[in-house]
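# Overview (structure and organization)
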Amino acid sequence: MDRPGIIRKTAADLRLPPNLADYEAQCRAFSWDRARAALQGLPGGGLNIAFEAVDRHAAGPLAGRTALRFVARDAPALELSYGELARQSHRFAQVLRGLGVGKGARLFVLAGRIPELYVAVLGALKQGAVVTPLFSAFGPEPIATRIRLGAGEVLVTTDALYTRKVRAMRAQMPTLRHVLLVAEDGGSTNEPDTLDLAALMAVAPDDAVAISTTADDAALLHFTSGTTGAPKGALHVHGAVVTHHATGRYALDLHPEDRYWCTADPGWVTGMSYGIIAPLLHGVSSLVDREEFDAERWYGLLEQERISVWYTAPTAIRMLMKAGVEAARRHSYPALRFVASVGEPLNPEAVWWGKEALGLPIHDNWWQTETGGIMIANTPAFDIKPGSMGRPLPGIEACIVEHLEAVGEPPRVRIVEQPDVEGELALHAGWPSMFRGYLDNEARYRKCFAGDLYLTGDLARRDADGYYWFVGRADDVIKSAGHLIGPFEVESALMEHAAVAEAGVIGKPDPVLGEMVKAFVSLKAGHTASEALRLDLLAHARKRLGAAVAPKEIAFLATLPRTRSGKIMRRLLKARELGLPEGDTSTLEAGA
Ligand code: AMP
């Protein structure tokens, strides 16, 4: 169907006056100092994410408002008010205090979307611990790797996840002092070398702990994947809360009476920043669905829970599209006023589908683990150009740069002033949620900057109206169902299999997942390719890595194409897989 290239907004599209009504004027007037002043701050000038998200509201008229509403298929809904969330997170902070876990200690959470996870994250932040979420669908390998790299001292998880994924690997996590278990059946646990969280919470006081963090103290450590090597830990500080607040205001357009639903799992950065922190900062009520994706269920929730602002992801939208527009139309969404999406390119059809199915276009926005918050967005008042990520938010100065040398250290770049030129997307440093380092890898951090420009690793272009268009990644990382997957981590797990000599992993375009993980392997002498071996390799990878990370397809090759210096040429594997031109193969090893 022929569609116009732009969706023009009129006053009739806006149910409420948008927080970002006059883009140019508000960008000009914006300052991060003023954005900071919209928060309360700790007495004495400190800053703490959880204090702003919960305690500040619990001490005022919002104490009784629902902060989080947990729903599940076979259990009654459970609601935590701001007051209750403050008390429970105080209690958790007291538990940590009792265990001698103080400021700067690294705490990991590994759980489904259970109330205890939210309480633990907020309580740990108040106690000054540095929180790292782990995705509950990770296998034992990615969990152990991250806890080891992050020198985790505390792990909060469930009894079932612990026995399935952690127990056997415990020796590989020597820094782990305390494992706090939540019994999935609601009872208690008595697993050796662990503590029962419910029992500790029951005897902990719910008096507030004295919070002593400043804007520059570490708060969150998010692991992200690169092309080579182990996952990188991106370190964020409590000052990031200013970005979380400002972007909740402008990009998600949160208003006090909103009922908000972020479908991202808190095991990933979006679920943490926009599933937990940003909505609480705005004092709104959030829905947390404990179940996995189900089109009919989701439409039902949007309707029955009277969701007004919905933040989801392209893969989920494409799955809804697959279920057909009729499924959406069996419900009505009178409360819904704004829908946004993040994490991967949102195809123009998906933007239009929103209009047909939900009565609202989908608003794409862009950010990444390192930026700590949404940087570029389509906000309610913007005309939408379907396929574009939108425009930089107030306080964010984006640009397109071209590299002056292929490899240089530090990188040297030139800002491309003219529109419609493809280059690397860069941001002028200085927004509060910018990551402050990669854990134990200062050199890698420095490589991300050219002077005061942060280089995102994404290729994009800016049009004459200042809208940004995503072109692709500058590296080989894979985005599958919105999750960033490092090919190296997958290749390493495959190489642990006795039959595998070498492995090369690529992202193969997939109509629903965006990209799916595909692996190519060559076998050691004495092993022959067979369907049974292929299935065995798939199962091996799934067991080690978990379903979210493991390859969905594996193909055998006699040898993998390598550069003369020995690096597997993933780009060539991908070009061959997709029947695309092979590009520059001058560094290809002879015979590959
Ligand atoms: P992560 O650090 O896991 O959040 O992944 C960040 C990466 O996801 C970005 O660098 C982009 O490559 C991709 N990404 C995020 N949002 C978008 C978007 N709206 N459009 C296209 N790619 C996106």
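The following refers to the structure shown. Since this is a predicted model, take the numbers as computed values, not measurements. (Residues numbered from 1 in each chain as written. Predicted model: local features only at pLDDT ≥ 70, side-chain atom pairs only at ≥ 80, totals over all residues. Heavy atoms only, no water.)

With that out of the way, let us pick up helix H11 (residues 295-304). Where burial is concerned, most of H11 is hidden: seven out of the ten residues are buried. Restricting attention to buried positions, one finds in H11 the residues Ala-295, Arg-297, Trp-298, Tyr-299, Gly-300, Leu-301 and Leu-302. Put simply, Asp-294 is the residue that caps the front of H11, since its side-chain oxygen is 3.0 Å from the backbone nitrogen of Glu-296. Phi turns positive, to about 50°, at Arg-306, one or two residues after H11. (Buried < 20%, exposed > 50% of the residue type's maximum accessible area, 1.4 Å probe, protein only. Helix = DSSP H or I, 4+ residues; strand = E, 2+ residues; numbered from the N terminus. Polar contact = N/O pair within 3.5 Å; in protein donor to acceptor, adjacent residues only side chain to side chain.)

In this section: the environment of Arg-164. Residue position: Arg-164 is located in helix H7 (residues 159-166). For the pair Arg-164 and Met-319, spaced 155 residues apart in the sequence, the C-alpha separation amounts to 29 Å.

For the rest of this paragraph, the subject is the packing of aromatic side chains. Here the structure, examined in full by the defined rule, presents 24 aromatic pairs. With a centroid separation of 5.2 Å and an interplanar angle of 80°, the aromatic rings of Phe-70 and Tyr-118 are classed as edge-to-face. Here Tyr-118 lies in helix H5 (residues 115-126) and Phe-70 lies in strand S1 (residues 66-72), a separation of 48 residues in the sequence. In this structure, Phe-70 and Tyr-118 share a single accessibility class: buried. With a centroid separation of 5.6 Å and 55° between ring planes, the pair formed by Phe-449 and Tyr-454 is classed as tilted. An aromatic cluster of at least three residues, connected via ring pairs, comprises Trp-431, Phe-435, Tyr-438, Tyr-445, Phe-449 and Tyr-454. The ring of Tyr-23 carries the charged tip of Arg-391 above its face, separated from the ring centre by 4.2 Å. The lysine or arginine in question, Arg-391, covers the ring of Phe-382, its NZ or CZ lying 4.1 Å from the ring centre. (Phe/Tyr/Trp six-rings, centres within 6.5 Å; stacked < 30°, edge-to-face > 60°. Lys NZ or Arg CZ within 6 Å of the ring centre and 35° of its normal.)

Attention now moves to the environment of Gly-430. Secondary-structure assignment places Gly-430 in the loop between strand S19 (423-428) and helix H15 (442-446). Gly-430 sits in the exposed class, given a relative accessible area of 54%. With 26 residues separating them along the chain, Gly-430 and Leu-404 place their C-alpha atoms 24 Å apart.

This part covers helix H3 (residues 49-58). Counting buried residues in H3 gives nine out of ten residues, a clear majority hidden from the surface. Buried positions along H3 lie against helix H4 (82-98), H5, strand S8 (218-224), strand S9 (232-237), helix H9 (241-250) and helix H10 (269-281). For H3, the side-chain oxygen to backbone nitrogen distance between the N-cap and Ala-50 is 2.9 Å, and the N-cap itself is Asn-48. (Contact = heavy atoms within 4.5 Å.)

Summed over all chains, the structure comprises three cavities of 30 Å³ or more. Here the largest cavity defines a volume of roughly 70 Å³. Going through the elements one at a time, strand S10 (259-262), H10 and strand S11 (285-289) are the ones with two or more residues in the lining of the largest cavity. Looking at the lining of the largest cavity element by element, the count peaks at four residues for S11. Its residues assigned to classes, the lining of the largest cavity shows seven nonpolar, three polar and two charged. (1 Å grid on protein atoms, 1.4 Å probe; cavity = no way out; pocket = protein on both sides within 12 Å on 5 of 7 lines; lining within 4 Å. Points joined across faces, edges and corners; volume = space filled by probe spheres on them. Nonpolar A, V, L, I, M, F, W, Y, C, P; charged D, E, K, R; others polar.)

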